[in-house]
Amino acid sequence: MHAHLRRELRNLLDLFTPVPLRDGEEYSRRDLLPDIIAGLTVAVVLIPQAMALALIAGLPAIYGLYAAFPGFIASFFGSSRHLSTGPVAIVSFLTLTSLVPFADPGSPEFIALAALLALLVGLIQLLMGTLRLGFVVNLIPHSAIVGFSTAAAAIIIITQIPTLFGYAITQHDLVIQTIFEIIMGAPRTSLITLALGLSALGMLIFLRKLPKTFPAALVVLAGSVLVAYLFDLKSFGVEFIAAVPASLPSFALPALSAGAFFALLPKAAIVALVGFVEAHAIAKSVAKQTGQRLDTNQELVGQGLANTVSSFFHGYPVSGSFSRTAINMQAGARTGVAALVTSAVTVFALLFLTPIFHFLPKAVLAAIVIVSALPLVNYHKLRETYAISNTDGVIAYTTAALALILKPDDAIFIGIVLALILFLRRTVWGAKIVEMGVNREWNILRASDGDDRVDTYPNVLIARIGMSLYYVNATHIIEQLDRLVRERHEQSPVRAVVVDFSGVNFIDITGIEALDDYVKRLRERGISFATIYMRNSVVAALRNVPELHRITILHNIAEMKEYCMPHERRLVLGGTTPEIIGKK
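Residues numbered from 1 in each chain as written. Predicted model: local features only at pLDDT ≥ 70, side-chain atom pairs only at ≥ 80, totals over all residues. Heavy atoms only, no water.

Side note on the packing of aromatic side chains
Under the defined criterion, the tally for this structure stands at 12 aromatic pairs. Geometrically, the ring pair formed by Phe69 and Phe313 is edge-to-face, given 5.4 Å between the ring centres and 70° between the ring planes. In this pair, Phe69 is assigned in the loop between α3 (62-68) and α4 (72-77) and Phe313 in the loop between α12 (296-312) and β2 (319-321), connecting sequence segments 244 residues apart. Pairing Phe251 with Phe313 gives two aromatic rings, centres 5.7 Å apart and planes at 75°, and the pair type is edge-to-face. Of this pair, Phe251 sits in the loop between α10 (216-230) and α11 (258-290) while Phe313 sits in the loop between α12 and β2, placing them 62 residues apart in sequence. We classify Phe251 as exposed; its relative accessible area is 53%. Within the aromatic cluster, the residues linked to one another by ring pairs are Phe69, Phe251, Phe312 and Phe313. (Phe/Tyr/Trp six-rings, centres within 6.5 Å; stacked < 30°, edge-to-face > 60°. Helix = DSSP H or I, 4+ residues; strand = E, 2+ residues; numbered from the N terminus. Buried < 20%, exposed > 50% of the residue type's maximum accessible area, 1.4 Å probe, protein only.)

Examining the pairing of strand β9 (residues 551-554)
Here β9 shows a buried face lined by Ile551 and Ile553 and a second buried face lined by Thr552 and Leu554. Between strand β8 (residues 528-532) and its parallel partner β9, the chain crosses via helix α22 (residues 536-543), and the hand of that crossover is right-handed. Pairing analysis gives 3 bridges linking β9 to strand β10 (residues 579-581), with the strands arranged antiparallel. Counterpart to Thr552 in the pairing with β10 is Ile580. (Right-handed = clockwise from strand over helix to strand, strands pointing away. Pairing = 2+ DSSP bridges.)

Side note on the nonpolar core
Counting residues in hydrophobic clusters, the biggest one holds 105 residues, and the most contacted among them are Met51, Leu59, Leu65, Phe148, Tyr316, Leu365 and Ile412. With 33 residues, the next largest nonpolar core counts Leu461, Phe501, Ile512 and Ile527 among its residues. (Core = buried A, V, L, I, M, F, W, Y, C linked by side-chain atoms within 4.5 Å.)

Regarding the layout of surface pockets
By volume, the largest pocket is sized at about 1,300 Å³. Forming the walls of the largest pocket are 40 residues, and the residues nearest its centre are Phe322, Ser323, Ser372, Pro375 and Leu376. Counting residues per element, the ones that place at least two in the lining of the largest pocket are α2 (29-56), α5 (89-99), α7 (142-165), α9 (191-207), α10, α11, α13 (322-330) and α16 (362-373). Residue contributions to the lining of the largest pocket peak at 6 residues, all from α11. Among the residues making up the lining of the largest pocket, the classes are represented as 26 nonpolar, 9 polar and 5 charged. (1 Å grid on protein atoms, 1.4 Å probe; cavity = no way out; pocket = protein on both sides within 12 Å on 5 of 7 lines; lining within 4 Å. Points joined across faces, edges and corners; volume = space filled by probe spheres on them. Nonpolar A, V, L, I, M, F, W, Y, C, P; charged D, E, K, R; others polar.)

Functional significance is not addressed by these values, which are geometric in nature.
So this is what it looks like as structure tokens:
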């Protein structure tokens, strides 16, 4: 008991040990220069992106940098050396839609709730990592994420149209309401702002042809600041971002009340899961290319700590960024030190560059957001998903459609539930019982339909169960087996049933009860029951049932032939005889 407790405490300590202090981890001087170059390269992309993405979240632009600088924590406590953590489009969008019902975007109340949301997201991820619930990520269907991401990206683009056109609207959590506001506000368009925004948009699209490591957004941002300053665009009605002090955000615990906690908890759970699924998918993609080992629970701890620390400095929820991770790899990053360099540059920007940001037009940030979101509107991926699997396609399209109609966090929840329902449906109704026979050439069991090399036996039905037998599908599988017995009985009387159990890896109490009841009913009809190739774990489970009806367990084809045709004497393999379990 004490040894087990010590082992668990050691495992828990390992989860919260930063990379440099882990066993076997050493940092080489040869890694320093590549890490510095990669960190600087990612930073020049991150700074304009983070400011733009904060607008998606309904926050002042500077709060994107507040959320960005703790990103290195995920690299130091996670398992991926290259994953770049910070503000991302989908999580920023979910932050907005989660908080809009409770406060006006940009207001002090909204900013406080964003920090609280980051704290809850971080604590949920930390709890999942500590309890080693990383497997839960596999329960989130990729098809639902694909559908949601496509719809969310389209909505993100729609929400930036007013800023691009130079007027403000009231943000809503339903896209239909937002579209109505955009149409009604169109007469307030500022032509100069629109010209500036479209010019920035055109430049960004043109510069996308250059390598990913080229800081297109930073070039456009710097150019727009210069133009705005030289031509005094503010006097022409162009709106700039709010002035901010040249300092780091102060440390503060998010304000927590029972009402806010219970209101935000379900929304935080959605953000935590969606954000981590996105980060985990990116980290997995990188791990395949680099060969590094990825630990899902460790990654949950890294992401959870990054979100928790972000909340302490007025940040909002963060996750792994696909574009910045790709840049990090291409720039030659070798360890998490690259992320530390990126954070250091972000801190430098907060301390010394904020006076320049005062001349940054919001329309340019809107253009950066639109160009960042465009690749996420992936209708080709939706069609591809449907072509591969109709079920997954239905989930993806349904989730996308619901996100455009309902509240986005409700849409992703419904998409996940729909996927789980369809999975259970496939588990129950997808179970197939196949009639088998013995292939006379190979002396193995094979499906008997249409193959003249497969022998069947008079008065004996041989069938195969191809999946585990448990509470979800037990009744359906037994019904299928009985239907097969009755159909065969109409052709010739069935005196024995032999079931190939090689596909049954697990059987629960419901499966045992259903099987035992069926064995009893077969016996009442004068039909004996046997199994072949039953796994030891299943045999052990059946032996633990005290009042089980008798079942014959066959081990090989020779025993089965002897069982099927007892009047024909055969040589049975030495040392093997059928087992009998059950006393009734």
